[in-house]
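For reference, the chains in residue letters:
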Amino acid sequence: MGKRFKEIWGNKKIVHKFLFCVVCSVCAAFLVSLGTAAFYYARGGENKGKIKIEDTRIRENRNIEKEKETYIVSGNGGKIEISFPEKLYINKLQYLYRASQASEKGCEIKVYTENIYGDDIVEDIEDNFFPYMARSVINVKNKVSKIVFEFPKEDLNLELFDFTIDNSFKLNPFLAIMIGAFTFIVLYLLLFYRESAKRP
């Protein structure tokens, strides 16, 4: 094993090829992650950065009590609707909450958006609440006309507040890792196929 290791890594050609794989993988991961972040950031147009959603956009039904900027959901469930008549681009929607216990049924979130042809569609998302977490983030990445939260009949002592649009510039580390790993594996297989074939 030690002899084989020295034989491989003592070969400058192999070392150079390996370093080439590493450098290309890092560059690909960075460039793709940077390009993706720039693309979604540019789609925000004039609405870049973090934008607090005004109370005038938010409507709640009679089962939900409002105290200042906090929406209190009763055990009878309820509905909260956030409207964007101008079809605002949203990369991520985030909000803060307090819950006395973990939810069992989850909250159904309907995002009214559009497909690549500009036709109106509805995306269904389920979000759960936990007492040890204080923030929820919903990936949207599209123009939105409204978002509707439908809460089940569940006694969680649930309070929601600080609804915010997040159109800020952020690199995605998970995307970078995936691209980097994929690039490295492809280059390794292409450049080291002879060495791999020689292994006993």
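As a reminder, the structure under discussion sits directly above these lines.
These figures come from a predicted structure and were not determined experimentally.

Undergrad: What is the right way to read the overall build of the protein chain from this model?
TA: What the protein chain contains, in helices and strands, is four helices and nine strands. Scanning the protein chain from its N terminus toward the C terminus, one meets helices and strands in the order α-α-β-β-β-β-β-β-β-β-β-α-α. In terms of C-alpha radius of gyration, the protein chain reaches 24 Å, well past the compact-globule figure of 16 Å for 200 residues. Across its three principal axes, the protein chain shows a C-alpha extent of roughly 75 × 40 × 25 Å. Among the 200 residues that make up the protein chain, the fraction classed as buried is 34%. Expressed as a percentage of contacts within the protein chain between residues at least 6 apart in sequence, the contacts between residues at least 24 apart total 78%. Put simply, the protein chain shows about 12,800 Å² of open surface, and 58% of that area lies on carbon and sulfur atoms.

Undergrad: I'm lost on the nonpolar core in this one. Help?
TA: A general tendency of soluble globular proteins is for nonpolar side chains to be buried together. In this structure, Phe-129, Phe-149 and Phe-151 are the most contacted members of the largest nonpolar core, which totals 29 residues. Mapped onto this core, the elements with two or more residues apiece are strand S4 (70–73), strand S5 (78–98), strand S6 (107–114), strand S8 (135–151) and strand S9 (158–167). Here the element with the most residues in this core is S5; it accounts for eight residues. If we ignore the near neighbours within four places in the chain, the residues touching Phe-151 are Ile-64, Val-73, Gly-77, Gly-78, Lys-79, Ile-80, Cys-107, Phe-129, Leu-158 and Leu-160.

Undergrad: Sorry, what's going on with the pairing of strand S3 (residues 64–67) here?
TA: Pairing of S3 with S4 involves four bridges; the strand directions are antiparallel. Within S4, the residue paired with Glu-65 across the bridge is Ile-72. What sits between the antiparallel neighbours S3 and S4 is a turn of two residues, in which Lys-68 has the positive phi angle 60 degrees.

Undergrad: Honestly, helix H2 (residues 12–43) in this entry has me stumped. Any pointers?
TA: Think of an α-helix as 3.6 residues a turn; residues three or four steps apart then line up on the same face. Taking 1.5 Å of rise per residue, 32 residues should cover 46 Å, and H2 covers 46 Å from first to last C-alpha, within 8% of that figure. Listed as buried for H2 are Ile-14, Lys-17, Cys-21, Ser-25, Ala-29, Ser-33 and Ala-37. Immediately beyond the C-terminal end of H2, within one or two residues, lies Gly-45, with a positive phi of roughly 60 degrees.

Undergrad: How should empty space enclosed by the protein be read in this particular structure?
TA: In this approach, a probe sized like a water molecule rolls over the atoms, and the result shows the empty space that is left. With the rule as written, the count across this model stands at two cavities of 30 Å³ or more. Here the largest cavity defines a volume of roughly 60 Å³. Contributing to the lining of the largest cavity are Val-73, Ser-103, Gly-106, Cys-107, Phe-129, Phe-151, Pro-152, Glu-154, Leu-156 and Leu-158. Here the lining of the largest cavity is composed, by residue class, of seven nonpolar, two polar and one charged. When its volume is computed, the second largest cavity comes out at roughly 40 Å³. Forming the walls of the second largest cavity are Lys-52, Ile-53, Asp-55, Ile-58, Glu-69, Tyr-71, Phe-161, Asp-162 and Phe-163. Of all the elements, S9 adds the most residues to the lining of the second largest cavity, at three residues. The residue makeup of the lining of the second largest cavity, split by class, is five nonpolar, no polar and four charged.

Undergrad: I tried to follow the packing of H2 against helix H3 (residues 173–191) on my own but got confused; where do I start?
TA: Axis angle and axis distance: for two packed helices, these are the angle between their axes and the distance between the axes, and together they describe the pair. Direction vectors running N to C along H2 and H3 enclose 145 degrees, while the axes themselves pass 8 Å from each other. Between H2 and H3 lies a crossing whose hand is right-handed. Contacts from Lys-17, Phe-18, Phe-20, Cys-21, Val-22, Cys-24, Ser-25, Ala-28, Ala-29, Val-32, Ser-33 and Thr-36 in H2 reach Leu-175, Ala-176, Ile-179, Gly-180, Thr-183, Phe-184, Leu-187, Tyr-188 and Leu-191 in H3. Among the residues forming the contact of H2 with H3, the class breakdown is 15 nonpolar, five polar and one charged.

Parameters at a glance
Residues numbered from 1 in each chain as written. Predicted model: local features only at pLDDT ≥ 70, side-chain atom pairs only at ≥ 80, totals over all residues. Heavy atoms only, no water. Helix = DSSP H or I, 4+ residues; strand = E, 2+ residues; numbered from the N terminus. Rg over C-alpha atoms; globule rule 2.2 N^0.38 Å. Buried < 20%, exposed > 50% of the residue type's maximum accessible area, 1.4 Å probe, protein only. Contact = heavy atoms within 4.5 Å. Areas by Shrake-Rupley, 256 points an atom, 1.4 Å probe, with all protein chains shown as cover. Core = buried A, V, L, I, M, F, W, Y, C linked by side-chain atoms within 4.5 Å. Pairing = 2+ DSSP bridges. Expected span 1.5 Å × (residues − 1). 1 Å grid on protein atoms, 1.4 Å probe; cavity = no way out; pocket = protein on both sides within 12 Å on 5 of 7 lines; lining within 4 Å. Points joined across faces, edges and corners; volume = space filled by probe spheres on them. Nonpolar A, V, L, I, M, F, W, Y, C, P; charged D, E, K, R; others polar. Axes fitted to C-alpha atoms, helices over the stretch in contact; angles between N-to-C directions. Left-handed = near helix turned anticlockwise from the far one by under 90°.

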